[in-house]
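An overview of the molecular structure
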Amino acid sequence: MPTSDDIATPRGAARVGTDLPAGPPVALLVLGHGAGGGVDAPDLLAVRDAAVGAGLVVSRVTQPYRVAGRRAPAPAGHLDEAWTAVLTVLRSRHPGVPLLVGGRSSGARVACRTARAVAAAGVLALAFPLHPPGRPERSRAAELATGLPTLVVNGDRDPFGVPEPGPAVRVVTRPGERHDLRGDPAGTAAVVLAWLRERGWART
């Protein structure tokens, strides 16, 4: 059964739901949500189920502004500060395994911006919002350049754009999917699981 508790951060309490695998874990995957959404988005749940089944601990983090009942996202610095505080606690709870960070949309951006600071081994970016809709000149591609192994999964109809692959960045484009990646969550999870196994971060 998943466990849930609140973790204090400098920006208020964050809520963390954690699912444990059967047997010793091979990695810890921490996932964040989109700006106005929650940790029960279909793609996040599908990835959680696949990863737990392959031996990972999966924690889904609800940012303090959402715990407090607000829909409008907090400033980027506040998101990063809260996320980093939560990661410190989760690392202490699950030591000795690789830490993987990720999320969907805004949560993917937070994971990218803080990946080096939290000593992550890899990054999972679901529906990375490359730019605001209709504003390709406002690219956020630099946030993906962490130097860490990174998997980006975006829909080919995403109005926020699709990032280009880079030296450490693999981009998988899902046909027919938009920003919510709701069309085929199991297919998205299968892409993620294949990448995790290829990197040695999941059981075969």
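First, a word on scope: everything that follows refers to the structure included in this document. (Residues numbered from 1 in each chain as written. Predicted model: local features only at pLDDT ≥ 70, side-chain atom pairs only at ≥ 80, totals over all residues. Heavy atoms only, no water.)

Bringing the nonpolar core into the picture now. With 31 residues, the main nonpolar core has Val-30, Val-61, Trp-83, Leu-90 and Val-101 as its most contacted residues. Where this core is concerned, the elements lending two or more residues are strand 2 (12-19), strand 3 (27-32), strand 4 (56-62), helix 3 (76-93), strand 5 (99-104), helix 4 (106-114), strand 6 (122-126) and strand 8 (169-174). Of the residues forming this core, the biggest block, five residues, is contributed by helix 3. Excluding anything up to four places from it in sequence, Val-61 contacts Ala-14, Arg-15, Val-16, Val-30, Leu-31, Gly-32, His-33, Val-39, Trp-83, Val-86 and Leu-90. Counting residues in each nonpolar core, the second largest holds 26 residues, with Val-47, Leu-124, Leu-181 and Val-192 among its members. (Core = buried A, V, L, I, M, F, W, Y, C linked by side-chain atoms within 4.5 Å. Buried < 20%, exposed > 50% of the residue type's maximum accessible area, 1.4 Å probe, protein only. Helix = DSSP H or I, 4+ residues; strand = E, 2+ residues; numbered from the N terminus. Contact = heavy atoms within 4.5 Å.)

All right, on to the environment of Asp-40 then. Along the chain, Asp-40 turns up in the loop between strand 3 and helix 1 (42-53). Residue classification places Asp-40 among the exposed residues on the basis of a relative accessible area of 53%. Ignoring any residue separated from it by four or fewer positions in sequence, one finds Asp-40 in contact with Leu-45 and Arg-60. At 2.9 Å, the side chain of Asp-40 forms a polar contact with the side chain of Arg-60. (Polar contact = N/O pair within 3.5 Å; in protein donor to acceptor, adjacent residues only side chain to side chain.)

In this model helix 3 runs 26 Å from its N-terminal to its C-terminal C-alpha over 18 residues, within 8% of the 26 Å that 1.5 Å per residue would give. Where helix 3 is concerned, the buried positions are Leu-79, Asp-80, Ala-82, Trp-83, Ala-85, Val-86, Leu-87 and Leu-90. (Expected span 1.5 Å × (residues − 1).)

Positive phi, normally seen in glycine, also occurs at Ala-119, with a value near 60 degrees. Turning to its location among the elements, Ala-119 is positioned in the loop between helix 4 and strand 6. The backbone of Ala-127 sits at a positive phi, close to 55 degrees, despite the residue not being glycine. Here Ala-127 is to be found in the loop between strand 6 and strand 7 (150-155). Among the residues examined, Ala-127 registers a relative accessible area of 0% and is labelled buried.

Turning to the packing of helix 1 against helix 5 (residues 185-198), a few remarks are in order. The geometry of helix 1 relative to helix 5 is characterised by a closest axis approach of 8 Å and an angle of 45 degrees between their N-to-C directions. What the angle tells us is that helix 1 and helix 5 run oblique. Seen from above, helix 1 lies across helix 5 with right-handed handedness. Of the residues in helix 5, those touching helix 1 at Pro-42, Asp-43, Ala-46, Val-47, Ala-50 and Ala-51 are Pro-185, Ala-186, Ala-189, Val-192, Leu-193 and Leu-196. Here the contact of helix 1 with helix 5 is built from residues that sort into eleven nonpolar, no polar and one charged. (Axes fitted to C-alpha atoms, helices over the stretch in contact; angles between N-to-C directions. Parallel < 35°, antiparallel > 145°, perpendicular 65-115°, else oblique. Left-handed = near helix turned anticlockwise from the far one by under 90°. Nonpolar A, V, L, I, M, F, W, Y, C, P; charged D, E, K, R; others polar.)

Okay, the pairing of strand 6 next. With five of five residues buried, strand 6 lies mostly within the body of the structure. Neither face of strand 6 is left uncovered, since the one carrying Gly-122, Leu-124 and Leu-126 and the one carrying Val-123 and Ala-125 both have all their residues buried. The β-α-β motif built from strand 5, the intervening helix 4 and the parallel element strand 6 has right-handed crossover chirality. Direction of pairing for strand 6 relative to strand 7: parallel, over a ladder of four bridges. Looking across to strand 7, one finds that Leu-126 is bridged to Val-153. (Right-handed = clockwise from strand over helix to strand, strands pointing away. Pairing = 2+ DSSP bridges.)

A separate point is the side chain of Asp-80. If you trace the backbone, Asp-80 turns up in helix 3. Beyond its immediate chain neighbours, meaning those up to four positions away, Asp-80 contacts Val-110, Arg-113 and Thr-114.

Applying the stated criterion across every chain yields a total of one aromatic pair. On the numbers, 5.4 Å between centres and 75 degrees between planes, the contact of Trp-195 with Trp-201 is edge-to-face. Residue classification places Trp-195 among the buried positions, given a relative accessible area of 5%. Here Trp-201 falls in the buried class, since its relative accessible area comes to 8%. (Phe/Tyr/Trp six-rings, centres within 6.5 Å; stacked < 30°, edge-to-face > 60°.)

Let us now look at the packing of helix 3 against helix 4. Relative orientation of the contacting elements helix 3 and helix 4 amounts to 70 degrees, with a least axis distance of 10 Å. Accordingly, the angle class assigned to the pair helix 3 and helix 4 is roughly perpendicular. In contact with Ala-76, Leu-79, Asp-80, Trp-83 and Thr-84 of helix 3, helix 4 contributes Ser-106, Val-110, Ala-111, Arg-113 and Thr-114. A breakdown of the residues in the contact of helix 3 with helix 4 according to their chemical character gives five nonpolar, three polar and two charged.

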